Amino acid sequence: MKNIIFIKKHPFGGNYLAINLFGFIFTLRELDKVELNHELIHSAQQRELLYLPFFIWYGIEWVVLYLKYKDWTKAYFHIRFEKEAYFYQYNMDYLKKRKHYNYVSINRKTIAK
């Protein structure tokens, strides 16, 4: 896949494996099929929101959730985009059947950590 860019260090620091920015996946190593599917779900989310609104929504939602939970990780796992990606990352056919804007209707309790 040509939208995967291997890097030695993430641009924002942190201990995550990959980050998807504007449909480009920046990763420290080769992704397995589940990890890649997770990132491709984010690509679909970003495309349907025309990229920039996705990042604005993601950021605002994270801030609101951080203020609610006072925990970075818990806020991250409660972001609707992450809930959809984690919930369906093992379903390799999900992107073929995915309905647009599915993150809006994802059950709030599906993967909450």
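Caption draft 1: View of the packing of helix α1 (residues 33–48) against helix α4 (residues 80–88). Direction vectors running N to C along α1 and α4 enclose 140°, while the axes themselves pass 9 Å from each other. Our classification of the angle between α1 and α4 gives oblique. Considering how the two elements wind past one another, α1 and α4 form a crossing that is right-handed. Judged by residue contacts, N37, H38, I41, H42 and Q45 of α1 engage F81, E82, E84, A85, Y86 and Y88 from α4. For the contact of α1 with α4, the per-class residue count stands at five nonpolar, four polar and two charged.

Caption draft 2: Here's a closer look at helix α2 (residues 52–69). With 18 residues, α2 extends 26 Å from end C-alpha to end C-alpha; this agrees with the ideal 26 Å at 1.5 Å per step. Buried residues of α2: F54, Y58, E61 and L65, and no others. Mapping the buried residues of α2 onto a view down its axis gives an arc of 75°, with all of them on the same face. Exposed residues lying more than 90 degrees from the buried face of α2 are L52, I60 and L67.

Caption draft 3: Focus on the pairing of strand β3 (residues 24–27). Across the two faces of β3 the burial differs, with I25 and T27 buried and F24 and F26 not buried at all. Pairing between strand β1 (residues 4–6) and β3: three bridges, direction parallel. Within the sheet, the bridge partner assigned to I5 lies in β3 and is F26. Across four bridges, the pairing between strand β2 (residues 18–21) and β3 is antiparallel. Directly across from A18, in β3, lies its bridge partner T27.

Caption draft 4: Inspection of the packing of α2 against α4 at higher detail. Contact pair α2 / α4: the axes reach a minimum separation of 9 Å and the direction vectors enclose 100°. Accordingly, the angle class assigned to the pair α2 and α4 is roughly perpendicular. The residues of α4 that touch α2, namely those facing F54, W57, Y58 and E61, are R80, F81 and E82. Each residue belonging to the contact of α2 with α4 can be placed in one class, and the counts come to four nonpolar, no polar and three charged.

Caption draft 5: Main features of the sheet that holds β2. Judged by pairing direction, the sheet is mixed, and its three strands sit side by side in the order β1-β3-β2 without closing on themselves. If you trace the sheet from one side to the other, it starts and ends with β1 and β2, each paired once. Geometrically, the sheet is characterised by an average inter-axis angle of 25° between neighbouring strands, direction not taken into account. On the sheet, α1 packs against β1, β2 and β3 and is oriented at approximately 20° with respect to β2.

Caption draft 6: Just unusual backbone geometry, in detail. Located in the positive-phi region is F22, a residue other than glycine, with phi close to 55°. Among the secondary structure elements, F22 is positioned in the loop between β2 and β3. The class for F22 is partly exposed, based on a relative accessible area of 44%. In this model, Y51 sits at a positive phi of 65°, which is unusual for a non-glycine residue. Here Y51 shows up in the loop between α1 and α2. Owing to a relative accessible area of 26%, Y51 belongs among the partly exposed residues under this scheme.

What counts and what doesn't
Residues numbered from 1 in each chain as written. Predicted model: local features only at pLDDT ≥ 70, side-chain atom pairs only at ≥ 80, totals over all residues. Heavy atoms only, no water. Axes fitted to C-alpha atoms, helices over the stretch in contact; angles between N-to-C directions. Helix = DSSP H or I, 4+ residues; strand = E, 2+ residues; numbered from the N terminus. Parallel < 35°, antiparallel > 145°, perpendicular 65-115°, else oblique. Left-handed = near helix turned anticlockwise from the far one by under 90°. Contact = heavy atoms within 4.5 Å. Nonpolar A, V, L, I, M, F, W, Y, C, P; charged D, E, K, R; others polar. Expected span 1.5 Å × (residues − 1). Buried < 20%, exposed > 50% of the residue type's maximum accessible area, 1.4 Å probe, protein only. Arc of directions from axis to C-beta. Pairing = 2+ DSSP bridges.

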